[in-house]
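# Overview (structure and organization)
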Amino acid sequence: MDSRLEQVIKKQEGLIAALEKQHAADQRLITSQKKLLQAQQEKAALLEKEKQALLDAGNEMAAANEKLEKICTEQQELLTSFSRIFSEK
């Protein structure tokens, strides 16, 4: 009976050791996944900042384009006026 009990205890100790190894491996995996998640969140934050910078640049370009269109329209009107003045003479 003692030898069977010792065998059961040894098997349980082996099982416990294997479970502890598995637990340690799982903890390393969890830690790795947490680091990966944090890196992805940081990347997302950087991409969000880049997106905002691109939106701001796009808005600035749109405003500059509006000014340029206004200048072109004014120049066209001026050229039309000059054409009328010179065609009358």
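Structural notes, computed from the coordinates. No experiment lies behind these values; they were computed from the predicted model shown. (Residues numbered from 1 in each chain as written. Predicted model: local features only at pLDDT ≥ 70, side-chain atom pairs only at ≥ 80, totals over all residues. Heavy atoms only, no water.)

### Regarding the overall build of the protein chain
Quick note on the threshold: Only runs of H or I of at least four residues qualify as helices and only runs of E of at least two qualify as strands under DSSP, and these elements are numbered from the N terminus. With the radius of gyration taken over C-alpha atoms, the globule rule is written as 2.2 Å times the number of residues to the power 0.38. Remark: exposure states derive from per-residue accessible area (1.4 Å probe, protein chains only) relative to the maximum for the residue type, with buried under 20%, exposed over 50%, and partly exposed in between. The accessible surface values rely on the Shrake-Rupley method and a 1.4 Å probe; as for residues, cover is taken only from the protein chains in view. Under the counting rule used here, the positive set is Lys and Arg, the negative set is Asp and Glu, and His together with the chain ends is not counted. By convention, the point assigned to a charge is CZ for Arg, NZ for Lys, CD for Glu and CG for Asp.
Looking only at helices and strands, the protein chain features one helix and zero strands. For the protein chain, the C-alpha radius of gyration of 38 Å lies well beyond 12 Å, the compact-globule estimate for 89 residues. Once the C-alpha set of the protein chain is aligned to its principal axes, its extents read approximately 130 × 15 × 10 Å. Burial analysis of the protein chain (89 residues in total) assigns 0% to the buried set. Counting only carbon and sulfur atoms, one obtains 59% of the accessible surface of the protein chain, whose full area is about 8600 Å². For the protein chain, the distance from the average site of its 14 positive side-chain charges to the average site of its 15 negative ones is 7 Å.

### Re a nonpolar patch on the surface
Spelled out, the test is: Exposure above 30% relative accessible area and no salt bridge define the residues that can form patches, which grow by joining like charges within 9 Å and nonpolar side chains of Val, Leu, Ile, Met, Phe, Trp and Tyr within 5 Å. One speaks of a salt bridge when a side-chain nitrogen belonging to Lys or Arg is within 4 Å of a carboxyl oxygen belonging to Asp or Glu.
A contiguous nonpolar patch, built from Leu-78, Leu-79, Phe-82, Ile-85 and Phe-86 and spanning about 510 Å² of accessible area, is present on the exposed surface. By secondary structure assignment, the location of Phe-86 is in helix α1 (residues 2-88). A relative accessible area of 61% places Phe-86 in the exposed class.

### Let's talk about the environment of Lys-67
Relative to the helices and strands, Lys-67 is located in helix α1. Residue Lys-67 is classed as exposed on the basis of its relative accessible area of 58%. As a C-alpha pair, Lys-67 and Leu-29 span 38 residues in sequence and 57 Å in three-dimensional space.

The values are spatial; any link to function lies outside them.
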